[in-house]
Structures are given as structure tokens and as C-alpha cells.
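What the coordinates show
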Amino acid sequence: MIRCRQRRAIAGIVAGSALAAAAAMAGAPPARTQAATSLTYQMAGGNRTAVMVDASQGRPAPLVIVLHGANGTSEQVRRYLVWDEIAAREKLIIVYPQGVGGAWNDGRPTDGRRFNPVSRVDDVAFMRRIVSELETQARIDRRRVYVVGVSAGGHMVYRLVCEAGDLFAGAAPMLATLSVVWRRSCPGQPLPVVMVNGTQDRIAPWEGQPAGADPDGALLSAQDTFAFFRARNGCASYGERALPEQAASGGSRVSILDGTICRRAVRLYRVNGGGHHTPTRSERRMRPAIGAMLGLQNHDVEADEEVWIFFSDKTRP
């Protein structure tokens with residue numbers, strides 16, 4: 001069991017380093033029109049920080065909280081994704097929180113919660129604080145608050161769905177699957193969920209991850225995670241449709257799986273042949289070694305735009 005734990009720890013370090021490097025070396029995104037503001041919050045465990053982009057033009061606006069991956073930073077995920085551009089067009093407020101030590105306390109046990117040595121950090125309270133302060137300042141539309149997370153940030157999104165579902169009108173865990181911890185107990189109120197997963201992702205495997213020394217370290221497959229949320233959100237069944245190929249993506253294609261007759265919407269973007277990347281229409285190039293480690297990146301759709309389309313008509317009851 002010790003060897004198993006060591007192998008998983010090494011894999012976590014390598015994966016986290018690859019994601020951080022990938023974000024840093026992503027090609028230049030479209031020019032931004034919004035300035036960023038640094039936020040600081042005094043929390044029980046010490047000061048926490050976030051970066052905010054406010055395109056609201058002084059009116060209460062939808063809020064999207066975007067969580068970085070392992071060993072990442074607010075600025076890295078801001079550069080890697082295109083939420084600033086969506087904010088400028090849709091008049092949104094985007095907040096990019098910073099995890100302690102580049103990690104999130106996503107609720108998995110130490111052996112399963114890779115990259116995260118800060119098991120006593122209360123990241124759920126941190127998210128509540130961000131929403132509460134922006135609401136107090138009358139800057140946000142409280143019925144339209146959403147959360148997005150990539151990789152390790154996606155695992156944190158699953159915890160927020162289960163423990164802070166009252167905060168959000170929609171959630172988007174990307175490049176992550178559900179921990180068995182949350183399958184056993186996910187007490188929060190159901191809310192719309194949209195997932196993005198690659199079938200050839202070696203870091204967040206489509207088929208899930210077996211338990212190591214601690215059985216709570218196991219992760220469900222993407223298909224079982226989708227089934228869990230369909231059941232939780234009262235879906236009768238689901239349908240599938242393939243998106244047209246828009247650009248050469250090295251053999252990867254995107255299919256959308258939608259829950260049908262649901263009380264709350266559930267959607268899965270299955271990136272057939274895709275690796276540990278969110279699909280993008282931008283030309284982001286990685287160094288060969290890092291690109292090989294993360295696998296293929298699809299260029300048929302822009303994942304962030306697809307997530308916003310899913311969020312845009314969702315409000316809290």
C-alpha cells in the first residue's frame with residue numbers, strides 16, 4: 001500500500017506541474033478589455049486572495065467563480081481560459097480565487113486528494129465569503145452565481161455542489177470525476193451541472209480511478225458521474241448528439257450527452273479521444289513533452305463559451 005501511495009503522489013506532482021506549465025505556456029489569448037482587481041479576505045486560517053474582473057458597468061451582474069487546477073494560480077487560469085472575454089460581452093463579474101499552496105480542500109482523503117496538503121483549510125467558507133461580500137456590496141445578481149473548476153478545481157466544484165449548493169445557480173466541473181465520498185453523501189440541494197471530460201485523459205481518467213490505501217480515494221468514471229447527477233436531478237433518461245467537426249483536432253470529436261425530462265439540467269461534453277485539456281478554438285500550443293503528457297486538445301468548440309451557454313438561462317429558485 002505504501003508503494004501505491006508513493007506512485008499516486010508522484011503522479012499527482014507530475015500532473016500538477018504539467019498543468020501549471022501548460023497554463024503558463026498557452027498561446028496568447030484574445031486581447032482583454034477589462035482590468036483586474038486584487039481582492040483580500042481575512043479568514044480564520046489567514047488571509048486569502050482572489051482576482052476579480054468586473055464588466056458589470058455598475059449594475060448587479062451574474063457572477064462566475066473560476067477555480068484553477070493543481071499547483072496553479074488565479075492568473076494562470078485567467079490566462080488559460082476565456083472568461084474575461086465572455087465577461088466583457090455579457091457584462092459579468094468573474095472572480096478567480098487562489099487556493100492555499102495552489103491546492104483546494106475538495107473533501108477527499110489525503111491519499112485520494114492529490115496535490116492538496118492543506119486538509120484543514122476551509123475552502124467552502126472562502127467561497128461563501130466571496131459571494132457574501134459581493135452581495136453586501138450590491139455588485140452581483142444573487143440568483144445568478146455560478147462556479148467553474150478545472151482539474152483539481154473541478155474536484156472542488158463537486159464539494160461545493162454537495163456542501164454549498166445554495167450559493168449557486170449552476171456548476172461546471174471540468175476534467176474531473178466524482179469522488180466516492182460524494183456519491184455516498186451529497187446533501188446539498190440539486191442544481192444544474194455541466195461536465196467536460198476527455199476519453200483519453202490520463203490525469204483524470206474517463207474510467208475513473210481505483211482506491212489506493214484509503215477506499216475513499218476512489219473516483220467514479222465520467223459516465224457514472226453523469227449518471228449520479230441525472231439521478232440526483234430527477235432525469236428520466238438522456239440523449240446524445242455529436243457536434244460537427246469545425247477544425248482539425250487530431251482525431252478528437254465532441255459529443256453532448258443531455259439528461260432528459262430533468263428537474264435540474266445535467267449535461268456532459270464527452271471529448272472522444274481528448275486528453276487533459278478543455279476544448280478550445282484558440283491555437284494554444286504546448287511544448288512537445290507537456291503536450292504528450294496531457295494528450296490531445298480538441299479545437300471544435302470553446303469549452304468556456306459552451307459552459308456559459310449552459311449557465312445563461314439558469315437561476316436559483
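Look above for the structure.
Throughout what follows, the structure given in this document is the object of discussion. Residue numbers here run from 1 along each chain, matching the order of that chain's written sequence. Confidence filtering applies because this is a predicted model: local features only for residues at pLDDT of at least 70, side-chain atom pairs given and counted only at 80 or more, and all residues used for totals across whole chains, interfaces and linings. No hydrogens and no water enter the side-chain calculation; it runs on all heavy atoms of the structure.

Examining unusual backbone geometry
Here the phi dihedral of Q57 falls at roughly 60°; this positive angle occurs in a residue that is not glycine. Note that Q57 resides in the loop between β2 (46-54) and β3 (61-67). For Q57, a relative accessible area of 56% gives the class exposed. You will see that L175, though not glycine, has its phi angle at about 60°, which is positive. Here L175 is to be found in the loop between β6 (170-174) and α6 (180-184). Accessible area is worked out with a 1.4 Å probe on protein chains only. A residue is then buried under 20% of its type maximum, exposed over 50%, and partly exposed in between. Its relative accessible area of 2% is what places L175 among the buried residues. Think of it this way: any DSSP run of H or I at least four residues long counts as a helix, any run of E at least two long counts as a strand, and we number them from the N terminus.

Topic: the nonpolar core
L63, I65, L67, L160 and F168 are the most contacted members of the largest nonpolar core, which has 50 residues in total. Among all residues touching I65, those that are not within four sequence positions of it are V95, P97, M127, I130, V131, Y146, V147, V148 and F168. Counting residues in each nonpolar core, the second largest holds 35 residues, with V51, V66, L81 and M174 among its members. Each nonpolar core is a collection of buried residues, namely Ala, Val, Leu, Ile, Met, Phe, Trp, Tyr and Cys, held together in the definition by side-chain atoms within 4.5 Å. Any pair of residues with heavy atoms lying within 4.5 Å of one another is described as a contacting pair.

Considering the packing of helix α5 (residues 152-163) against helix α7 (residues 222-232)
The description of two packed helices rests on the angle between their axes and on the distance between the axes. Helix axes are fitted only over the stretch in contact, all axes being lines through C-alpha atoms; the angle between N-to-C directions runs from 0 to 180 degrees. As a packed pair, α5 and α7 sit with axes 14 Å apart at the nearest point and diverge in direction by 15°. With respect to each other, α5 and α7 are oriented roughly parallel. α7 is crossed by α5, and the crossing has left-handed handedness. Facing Y158, V161 and C162 of α5, the residues of α7 in contact are T225, F229 and R232. Orientation categories follow fixed angle ranges, with anything under 35 degrees roughly parallel, anything over 145 roughly antiparallel, 65 to 115 roughly perpendicular, and all other angles oblique. The crossing is said to be left-handed when, going from far helix to near helix, the turn is anticlockwise and less than a right angle, and right-handed when the turn is clockwise.

Observations concerning the pattern of salt bridges
By salt bridge we mean one thing: a side-chain nitrogen of Lys or Arg within 4 Å of a carboxyl oxygen of Asp or Glu. Applying the stated criterion across every chain, the model contains 16 salt bridges. Between E135 and R142 there is a salt bridge, with its nearest N and O atoms 3.6 Å apart. A relative accessible area of 39% means that E135 is categorised as partly exposed. The partner of R267 in a salt bridge is D258, with the nearest N and O atoms 2.7 Å apart. Here R267 and D258 have matching classes, each one buried. Among the charged side chains, a network of salt bridges with common partners joins E75, R78 and D84.

What to know about the state of the cysteines
The rule for a disulfide is simple: a pair of cysteine sulfur atoms within 2.5 Å. The final tally for this structure, using the stated rule, is two disulfides. The disulfide partner of C235 is C262, and the gap between their sulfur atoms is 2.0 Å. On the S-S bond that ties C235 to C262, the torsion sits near 115°, and the link is right-handed. Taken together, the residues C235 in the loop between α7 and β8 (237-242) and C262 in the loop between β9 (253-260) and β10 (266-272) connect sequence positions 27 residues apart. According to the relative accessible area criterion, C235 is buried, its value standing at 14%. The class of C262 is partly exposed, set by a relative accessible area of 26%. The connectivity of the disulfides in the protein chain is 1-2, 3-4, where the numbers refer to bonded cysteines in sequence order.

Description of the packing of helix α4 (residues 123-136) against α5
It is the contact of α4 with α5, at a shortest axis distance of 10 Å, that shows an interaxial angle of 75°. If you check the angle between α4 and α5, you find them roughly perpendicular. Judged by residue contacts, D123, V124, M127 and R128 of α4 engage M156, R159, L160 and E163 from α5. Of the residues contributing to the contact of α4 with α5, the split by class is four nonpolar, no polar and four charged. Classification used: nonpolar for Ala, Val, Leu, Ile, Met, Phe, Trp, Tyr, Cys and Pro, charged for Asp, Glu, Lys and Arg, polar for all others including Gly.

With respect to the pairing of β9
A large share of β9 lies buried, amounting to six of its eight residues. Inspection of the sheet shows β8 paired to β9 by six bridges, in the antiparallel sense. Paired with E240 across the two strands is L257, which belongs to β9. As paired strands, β9 and β10 are joined by six bridges and run antiparallel to one another. When the sheet's bridge partners are listed, S255 is paired in β10 with R270. Linking β9 back to β10 in an antiparallel pair, the connection comprises five residues, with I261 at a positive phi of about 50°. One bridge is not enough; two strands pair if DSSP finds at least two bridges between them.

Here we look at the sheet that holds β3
Spatially, 10 strands are ordered β1-β2-β4-β3-β5-β6-β7-β10-β9-β8 in an open sheet, and the strand pairing comes out mixed. Among the strands making up the open sheet, the edge pair consists of β1 (36-43) and β8. Taken pair by pair, the neighbouring strands of this sheet meet at an average axis angle of 20°, ignoring direction. Of the strand pairs in this sheet, β2 and strand β4 (residues 93-97) are connected by five bridges, and their pairing is antiparallel. From the neighbouring strand, V51 faces β4, where its bridge partner is Y96. Set on the sheet, helix α3 (residues 83-90) makes contact with β2, β3, β4 and β5 (140-150); between it and β4 the angle comes to about 155°. Sitting on the sheet, α7 touches β7 (193-198), β8, β9 and β10, and the angle it makes with β10 is about 170°.

Functional significance is not addressed by these values, which are geometric in nature.
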